[in-house]
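# Results of the structural survey
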Amino acid sequence: MSETRSEAREYAPPVIKAEELDPKFKYKISKMPGAEKIMACFQCGTCTADCPIARFSEFYRPRRIARMVQLGLKDRLLSDKALWLCSACFTCVDHCPQDVEIAGIVRVLRNMAVAEKNVLPLVYKELATNLMKSGFVYEIPETRLQKRVEQGLPPLPKPNVSQVVKIFEVTGSARLLEKVQTVAKVESR
Ligand code: SF4
Ligand code: SF4
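Just so it is clear, the model here is predicted, and its values are computed rather than measured. (Residues numbered from 1 in each chain as written. Chains lettered and ligands numbered in written order. Predicted model: local features only at pLDDT ≥ 70, side-chain atom pairs only at ≥ 80, totals over all residues.)

### Some points on the domain arrangement of the chain
Considered domain by domain, the chain is made up of domain 1 (1–117) and domain 2 (118–189). A separation of 27 Å is found between the C-alpha centroids of domain 1 and domain 2. Counting residues at the interface gives 10 residues for domain 1 and 9 residues for domain 2. Looking at the side of domain 1 that touches domain 2, the element that brings in the most residues is helix α8 (residues 102–117), giving 3 residues. Taken together, the residues of the side of domain 1 that touches domain 2 break down into 6 nonpolar, 1 polar and 3 charged. (Domains from an automatic or database assignment. Contact = placed C-beta atoms within 7 Å. Helix = DSSP H or I, 4+ residues; strand = E, 2+ residues; numbered from the N terminus. Nonpolar A, V, L, I, M, F, W, Y, C, P; charged D, E, K, R; others polar.)

Written out as structure tokens, the structure reads:
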């Protein structure tokens, strides 16, 4: 597909209304660990050009996320399904000429979305629940463990599940997982 056709298909966000802008939002975000450099973004687009997810999505653009934070489009950001597409590969962080940590900013926004909008994609809830119950993010089937033995690999370390549960309880994550509403699937197009 030619570049022109691809550009034409790109997602066009709705017109921004003045009342949507929260001028304090960027200052609040810049106080969060990982998001301190948000004001330094000068919209060069390197992050989007190199982002592996942007390559396959018509609307996921890390540069746009940075600009939306700077403009204070908080409600749009926290309700934006694009937030959940970032794979946290940190390519954007490695390549940004201004040292802006887009991956960190996305993490901060995701945490805010869960805390303030009470939403989480189902897959994240499942992974967190696995972690809380077994100490592993993915459930490891018995056949896989048996294969390790056959290959002469050492056994996996046994997680201390009661301590993991305690962390979930102390941090409020266990309660949060119980009440959070889930989004079944986030499409990239
Ligand atoms: S690479 Fe850095 S400065 Fe350039 S648009 Fe992305 S975040 Fe902003
Ligand atoms: S960390 Fe997220 S935004 Fe950055 S390049 Fe990877 S997928 Fe894209």
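After presenting the structure, the write-up continues.
### Observations regarding unusual backbone geometry
A positive phi angle, close to 65 degrees, is found at Q43, a residue other than glycine. Take Q43: it is sitting in the loop between α2 (25–30) and α3 (46–50). By C-beta crowding, Q43 is classed as partly exposed, having 13 other C-beta atoms within 10 Å. Phi is positive for A88, close to 55 degrees, though the residue is something other than glycine. (Buried ≥ 20, exposed ≤ 12 C-beta atoms within 10 Å, placed from the backbone.)

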